[in-house]
Amino acid sequence: MGAALAVYVDGRDVIDLWGGHADGARARPWQRDTIVNLYSVGKAIAAVCVLRLVEAGRLELDAPVARYWPEFAQGGKARLPVRYLLTHQAGLPAIARPLPPGAWRRWDTMTEALAAQAPWWAPGEGHGYHVNSQGFLIGEVVRRVTGKTLGTYLRETFAGPAGVDFFIGVGPELDARCAELVPRPATPEDEELGRRLGADPATLTGLPLMRLNAYRNPPDVSGTGVVNTRQWRAAEVPSTNGHGNARGVARLYSALAGDGSLDGVHVLSPETVARAIEPQVDGEDIVLQRPTRFGLGFQLAMPERPLGPNRRAFGHFGAGGSLGFADPDAHVAFGYVMNQGRGGWQHKHVRYLIDLVYAAL
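We now turn to the structure provided with this report. Throughout this description, residue numbers start from 1 for each chain and increase along the sequence as written. In view of the model being predicted, local features appear only for residues whose pLDDT reaches at least 70, and side-chain atom pairs are presented and counted only at 80 or more, with totals across whole chains, interfaces and linings using the full set of residues. Note: side-chain values were computed over all heavy atoms of the structure, leaving out hydrogens and water.

**Remarks on the environment of Ala-113**
Here is step 1 of the chain: With respect to the helices, strands and loops of the structure, Ala-113 is situated in helix H4 (residues 107–116).
Here is step 2 of the chain: C-alpha separation for the pair Ala-113 and Ile-286, spaced 173 residues apart in sequence, amounts to 21 Å.
Here is step 3 of the chain: Working rule for contacts: check all heavy atoms of both residues, and any pair within 4.5 Å makes them a contact. For Ala-113, the contacting residues outside a window of four places in its chain are Ile-95, Arg-97 and Leu-99. Counting from the N terminus, the helices are DSSP H or I runs at least four residues long and the strands are E runs at least two residues long.

**Things to note about the layout of surface pockets**
Here is step 1 of the chain: Residues are called lining when one of their atoms sits within 4 Å of a cavity or pocket point, these points coming from a 1 Å grid over the protein atoms alone, where a cavity is a set in which a 1.4 Å probe fits but cannot get out and a pocket is an open set with protein on both sides within 12 Å along at least five of seven lines. Grid points are joined across faces, edges and corners, and a volume is the space filled by probe spheres set on the points. Size it by volume and the second largest pocket reaches roughly 170 Å³.
Here is step 2 of the chain: Around the second largest pocket, the lining is made up of 15 residues, and of these Asp-10, Gly-11, Ser-254, Ala-255 and Ser-261 lie nearest the centre.
Here is step 3 of the chain: Looking at the lining of the second largest pocket, the elements that each hand over two or more residues are helix H10 (246–257), strand S6 (261–262) and strand S13 (332–338).
Here is step 4 of the chain: In terms of residues, the lining of the second largest pocket owes the most to one element, H10, which gives four residues.

**Considering the pairing of strand S11 (residues 314–317)**
Here is step 1 of the chain: Exposure categories follow from relative accessible area, calculated using a 1.4 Å probe and restricted to protein chains: below 20% of the type maximum is buried, above 50% is exposed, and the middle band is partly exposed. Because side chains alternate across S11, one face comprises the buried residues Phe-314 and His-316, and the other comprises Gly-315 and Phe-317, equally buried.
Here is step 2 of the chain: Across two bridges, the pairing between strand S10 (residues 299–300) and S11 is antiparallel. When the sheet's bridge partners are listed, Leu-300 is paired in S11 with Phe-314.
Here is step 3 of the chain: Being paired, for any two strands, means DSSP has found at least two bridges between them. With four bridges joining them, S11 and strand S12 (residues 323–327) adopt antiparallel strand pairing. Bridge pairing in S12 links Phe-314 to Ala-326.
Here is step 4 of the chain: Two successive antiparallel strands, S11 and S12, enclose a turn made up of five residues, where Gly-320 displays a positive phi of approximately 90°.

**Overview of the pattern of salt bridges**
Here is step 1 of the chain: Throughout this description, the term salt bridge denotes a Lys or Arg side-chain nitrogen within 4 Å of a carboxyl oxygen of Asp or Glu. A full pass over the atoms with the stated rule returns 15 salt bridges.
Here is step 2 of the chain: The residue Glu-156 makes a salt bridge to Lys-148 at a minimum N-O spacing of 2.8 Å.
Here is step 3 of the chain: Using a relative accessible area of 30% as the deciding quantity, one classes Lys-148 as partly exposed.
Here is step 4 of the chain: Salt-bridge contacts for Asp-175 lead to Arg-233; the nearest nitrogen and oxygen are separated by 3.5 Å. Of the two residues, Asp-175 is situated in the loop between strand S4 (166–167) and helix H7 (188–197) and Arg-233 in helix H9 (residues 230–234); the sequence distance between them amounts to 58 residues.
Here is step 5 of the chain: In this structure Arg-233 comes out as buried when scored by relative accessible area, which is 10%.
Here is step 6 of the chain: Within the structure, one salt-bridge network assembled from shared partners comprises Glu-71, Glu-140, Arg-143 and Arg-144.

**Considering the side chain of Asn-339**
Here is step 1 of the chain: When you line up the elements, Asn-339 lands in the loop between S13 and helix H12 (348–360).
Here is step 2 of the chain: By relative accessible area, Asn-339 is classed as buried at 1%.
Here is step 3 of the chain: In terms of polar contacts, Asn-339 uses its side chain to reach the backbone amide nitrogen of Gly-2, at 2.8 Å.
Here is step 4 of the chain: For the purposes of these results, a polar contact is taken to be a pair of N or O atoms within 3.5 Å, where, inside protein, one atom must be able to donate a hydrogen and its partner to accept one; residues adjacent in sequence count only when each atom of the pair is a side-chain atom. A polar side-chain atom of Asn-339 sits 3.1 Å from the main-chain carbonyl oxygen of His-21.
Here is step 5 of the chain: Not counting the four nearest positions on each side in its chain, Asn-339 is found in contact with Met-1, Gly-2, His-21, Ala-22, Asp-23, Trp-30, Val-36, Ala-179, Glu-180, Leu-181 and Val-182.

**Concerning the environment of Arg-177**
Here is step 1 of the chain: Structurally, Arg-177 can be placed in the loop between S4 and H7.
Here is step 2 of the chain: Separated by 141 residues in the primary sequence, Arg-177 and Val-36 have C-alpha atoms spaced 8.2 Å apart.
Here is step 3 of the chain: If near-sequence neighbours (up to four positions away) are discounted, Arg-177 is found in contact with Asp-33, Thr-34, Ile-35, Asp-165, Phe-167 and Asn-245.
Here is step 4 of the chain: At 2.8 Å, the side chain of Arg-177 forms a polar contact with the backbone oxygen of Asp-33.

**Brief notes about empty space enclosed by the protein**
In this approach, a probe sized like a water molecule rolls over the atoms, and the result shows the empty space that is left.
Here is step 1 of the chain: The final tally for this structure, using the stated rule, is three cavities of 30 Å³ or more.
Here is step 2 of the chain: The space that makes up the largest cavity amounts to roughly 70 Å³.
Here is step 3 of the chain: As for the largest cavity, its lining consists of Pro-93, Ala-94, Ile-95, Met-110, Leu-114, Asn-132, Ser-133, Phe-136, Asn-213, Ala-214, Asn-217 and Val-221.
Here is step 4 of the chain: For the lining of the largest cavity, the secondary-structure elements that each account for two or more residues are H4, helix H5 (133–146) and helix H8 (207–216).
Here is step 5 of the chain: Each residue is assigned to one of three groups, with Ala, Val, Leu, Ile, Met, Phe, Trp, Tyr, Cys and Pro labelled nonpolar, Asp, Glu, Lys and Arg labelled charged, and all others, Gly among them, labelled polar. Looking at side-chain class alone, the lining of the largest cavity contains eight nonpolar, four polar and no charged residues.

**Observations regarding the sheet that holds strand S5 (residues 243–244)**
Hydrogen bonds along the backbone pair up the strands of a sheet, which may run parallel or antiparallel.
Here is step 1 of the chain: The sheet built from three strands is open, its strands ordered S3-S5-S4 with antiparallel pairing. Single-partner strands in this sheet number two, and they are strand S3 (36–37) and S4.
Here is step 2 of the chain: Sheet analysis places S3 next to S5, joined by two bridges and oriented antiparallel. The partner of Val-36 across the bridge, within S5, is Gly-244.

**So, the packing of aromatic side chains**
Here is step 1 of the chain: Aromatic contacts are taken between Phe, Tyr and Trp rings whose centres are within 6.5 Å, Trp giving its six-membered ring; a plane angle under 30 degrees counts as stacked, one over 60 as edge-to-face, and the others as tilted. The tally for this structure, following the rule as stated, stands at seven aromatic pairs.
Here is step 2 of the chain: Their ring planes at 15° and their centres at 6.1 Å tell us that Tyr-129 and Phe-294 sit as a pair that is stacked. Pair noted here: Tyr-129 is in the loop between H4 and H5 and Phe-294 is in strand S9 (residues 291–294), with a separation of 165 residues, a long-range link. Summarising the burial analysis for this pair, Tyr-129 and Phe-294 share the class buried.
Here is step 3 of the chain: Aromatic pair Phe-298 and Phe-314: ring centres 4.9 Å apart, planes at 70°, arrangement edge-to-face. Here the residue Phe-298 occupies a position in the loop between S9 and S10, and Phe-314 occupies one in strand S11, the gap between them amounting to 16 residues. Comparing Phe-298 with Phe-314 shows no difference in burial state: the two are buried.
Here is step 4 of the chain: Through a chain of ring-to-ring contacts, the aromatic side chains of Tyr-253, Phe-298 and Phe-314 assemble into a single cluster.
Here is step 5 of the chain: Two conditions define a charge located above a ring, namely a distance within 6 Å from the ring centre to NZ of Lys or CZ of Arg, and an angle within 35 degrees of the ring normal. Sitting over the ring of Phe-72, Lys-77 keeps its end group 4.8 Å from the ring centre.
Here is step 6 of the chain: Here Arg-105 stacks its cationic end above the ring of Trp-104, 5.9 Å away from the centre of that ring.

Written out as structure tokens, the structure is:
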């Protein structure tokens, strides 16, 4: 429907394309400054916020979360380290207690429920994608350390000063720039997921209930039915509702692929980036039920989802195929966004764009 692609090489913007429409009615052309909900692309940007605090000595990866967030010690989590929140090893991808629709708007409701939740598996003894919960978990740690919400910290410390067009919590003044997300065509994989998630929760126990709740507790936490509303845009759901454009995403990753700065604004040092892209988990994902590979908050290149030809590339996909990544070996940064995605895991249309970029280098 509408899409944009931006690529930086050696810190210079070499591709900046946009086209199509920003709405399902095809009444609004996609503009240079159009922004759109990028789903899990925001997970890596939220992780950058955490890594900045680690780099500054304000947060320790191997310290217990409860050092910064005392209430988190409930449910046998007193020793669970901050590191596990970034590597999906915390065992907290879902909340067992049913929450009402719209609970994602109330930060304290979500974080109090996660603080009370016992891990679904022994922390550190496996990893499973924290679909919607990761942003609340690391966002609360950021809030306890800095006194600012994650979206505010992002905006004030580096996104705003460096001109990175990415927001967690969108004010009404930006509504005119927001593209409308348009439902994607159904795929066989979507239908199978729907059959599994659509089962009666009363009949599910153990891990199936965990997977259901990861996507659907609260029922609209993944944005279903609310993603184009003012309430959704205004809220901070860091794993899921960050808004940005391809240029902003690629611009941020250009810093991570280079010296760690943008126009004199420090983002992360190359040493911190190198530490963050060391593989932390690599194997079967308990939630996604397929192999995944993560560093500290970043998805890493894997056979099913290559990020170009170089193994050290890192970034994060979002639902439907939106993507931001950096390749420090080729000095490449890539951002792709759209408002009507595709189902599945491989996103072959995005892989095709990546292949075209590397063929052009």
